[in-house]
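# Coordinate inspection notes
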Amino acid sequence: MTTLTAPNHIDLSIIVPVFNEEAVLPIFHSKIISILQPLNLNYEIVYVNDGSHDHTEVVILGLKQRHPEIAYAKFSRNFGKEAAMTAGFKLCRGDAAIMIDVDLQDPPELIPAMIQAWRDGADIVNMKRSERFGEPMWKKATASMFYHLLGKISDIEIPHNVGDFRLFSRRTIEALNQLSERGRFMKGLYAWLGFPQATIEYERDPRAAGNTKWPFFKLVGLAWQGITAFSTAPLQMATWLGLSSAGGAFVYASYFLIKSVVYPDIVQGFPTLIVVILFLGGLQLFCIGILGEYIARIYTEVKQRPVYLIEAFHPAQH
Ligand code: UDP
Ligand code: MG
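The following paragraphs examine the structure supplied in this document. Just so it is clear, the model here is predicted, and its values are computed rather than measured. (Residues numbered from 1 in each chain as written. Chains lettered and ligands numbered in written order. Predicted model: local features only at pLDDT ≥ 70, side-chain atom pairs only at ≥ 80, totals over all residues. Heavy atoms only, no water.)

### Quick look at the nonpolar core
Counting residues in hydrophobic clusters, the biggest one holds 38 residues, and the most contacted among them are Leu12, Ile14, Tyr47 and Ile111. Setting aside residues up to four positions removed in sequence, Ile14 forms contacts with Ile32, Leu36, Glu44, Ile45, Val46, Ile98, Ile100 and Ile111. Listed in part, the 37 residues of the second largest apolar core include Val48, Phe75, Ala143 and Ala175. (Core = buried A, V, L, I, M, F, W, Y, C linked by side-chain atoms within 4.5 Å. Buried < 20%, exposed > 50% of the residue type's maximum accessible area, 1.4 Å probe, protein only. Contact = heavy atoms within 4.5 Å.)

### Digging into the environment of Leu285
Counting through the fold element by element, Leu285 comes out in helix 10 (residues 270–303). On the accessibility criterion, Leu285 (60% relative accessible area) is exposed. For the pair Leu285 and His318, spaced 33 residues apart in the sequence, the C-alpha separation amounts to 59 Å. (Helix = DSSP H or I, 4+ residues; strand = E, 2+ residues; numbered from the N terminus.)

### Section: the coordination of the magnesium ion (ligand 2)
Listed as protein donors to the magnesium ion (ligand 2) are Asp103 (OD) and Gln105 (OE1); their distances from the metal cover 1.9 Å. Across the pair, exposure class does not vary: Asp103 and Gln105 are buried alike. (Donors = N, O, S within 2.8 Å, 3.2 Å for Na, K, Ca; no water.)

### Points about the pattern of salt bridges
On inspection of all chains with the given rule, the structure shows 10 salt bridges. The salt bridge involving Glu293 is made with Arg297; its shortest N-O contact spans 3.0 Å. Highlighted residues: Glu293 and Arg297, both in helix 10, separated by 4 residues, approximately one helical turn. Here Glu293 falls in the partly exposed class, since its relative accessible area comes to 29%. Taken together, the shared-partner salt bridges connect Lys81, Asp101, Asp164 and Lys187 into one network. (Salt bridge = Lys/Arg side-chain N within 4 Å of Asp/Glu carboxyl O.)

### Observations regarding the site of ligand 1
The local shell around ligand 1 holds 19 residues, among which Glu21, Asp50, Asp103, Thr212 and Lys213 are the closest. Glu21 places a side-chain nitrogen or oxygen 2.6 Å from an oxygen atom of ligand 1. Asp50 is positioned such that a nitrogen or oxygen atom in its side chain is 2.6 Å from a nitrogen atom of ligand 1. For ligand 1, the accessible surface in isolation is 530 Å², of which the surrounding protein chains cover 95%. Of the residues that constitute the shell around ligand 1, the class distribution is 5 nonpolar, 4 polar and 10 charged. (Near = heavy atom within 4 Å. Polar contact = N/O pair within 3.5 Å; in protein donor to acceptor, adjacent residues only side chain to side chain. Areas by Shrake-Rupley, 256 points an atom, 1.4 Å probe, with all protein chains shown as cover. Nonpolar A, V, L, I, M, F, W, Y, C, P; charged D, E, K, R; others polar.)

What follows is the structure, encoded as structure tokens:
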């Protein structure tokens, strides 16, 4: 472990995105302090308040009076966890940063092991969950399906069961800060970076207090964001769907041609016609919809709006 160098030098930043977390914040803070203090590091804890509506801010500012190593950024509104993490990377000053959830589902006890892996040469230390206690079956199943699908249809390999709980070296933080895209699917960006990575396995605990901020539809949105940001497979799917339905229609037409030659007086086929029209119409709308999804993302990118807006920032005082 390094001993303290220059007085303002920060060895380690802990980045914590928070959204309506008044219940768990004090528990989290005393826990993380108890882990960090014995390490003999100069550290800061960067809380990014992602537009909370509860007393999160009062709690953090109260803590900051007693703990000057807290840096506090407040968003002008809720921009989402990916934006909060992006801001954390921009604002942190440490030689390394650890991204951690405030709900204690990411055990702070593992921080010394993460620092060790970093000292041993890893630029990113991935924390892999071997168990997901307290999470419903459907969440585990859909998460695993999603990672599998994304691995298949994109160039990047996103490690399974690795969330945002990771350590990043300064050079990977600088690299992340250069990525200016608006559609920020962080797990994909981490995988895209490359650099030497290490993986530590752990068991994930249930939330210590408060409720999950990720209802099902928000998770689906994040998954779709991940797919469209890292893969153009859905666009190519339109080509294949079009080709195969055209091929099917050709075979079907040949069949009717032969049939009408064999039984010339039978006037039939109205239902078939409707089915084919509906099928093709649906297929076309579906493909246009996928095109639209990508165009919408291009639209968001070209507008060049910032990923988040900071209303107030109080740096750590050492
Ligand atoms: N979070 C955030 N902005 C949001 C949603 C969540 O900053 O819009 C934070 C939240 O406060 C927590 C972390 O992201 O620190 C993970 O959220 P949560 O525990 O609700 O997600 P889950 O563990 O259920 O996936
Ligand atoms: Mg959680």
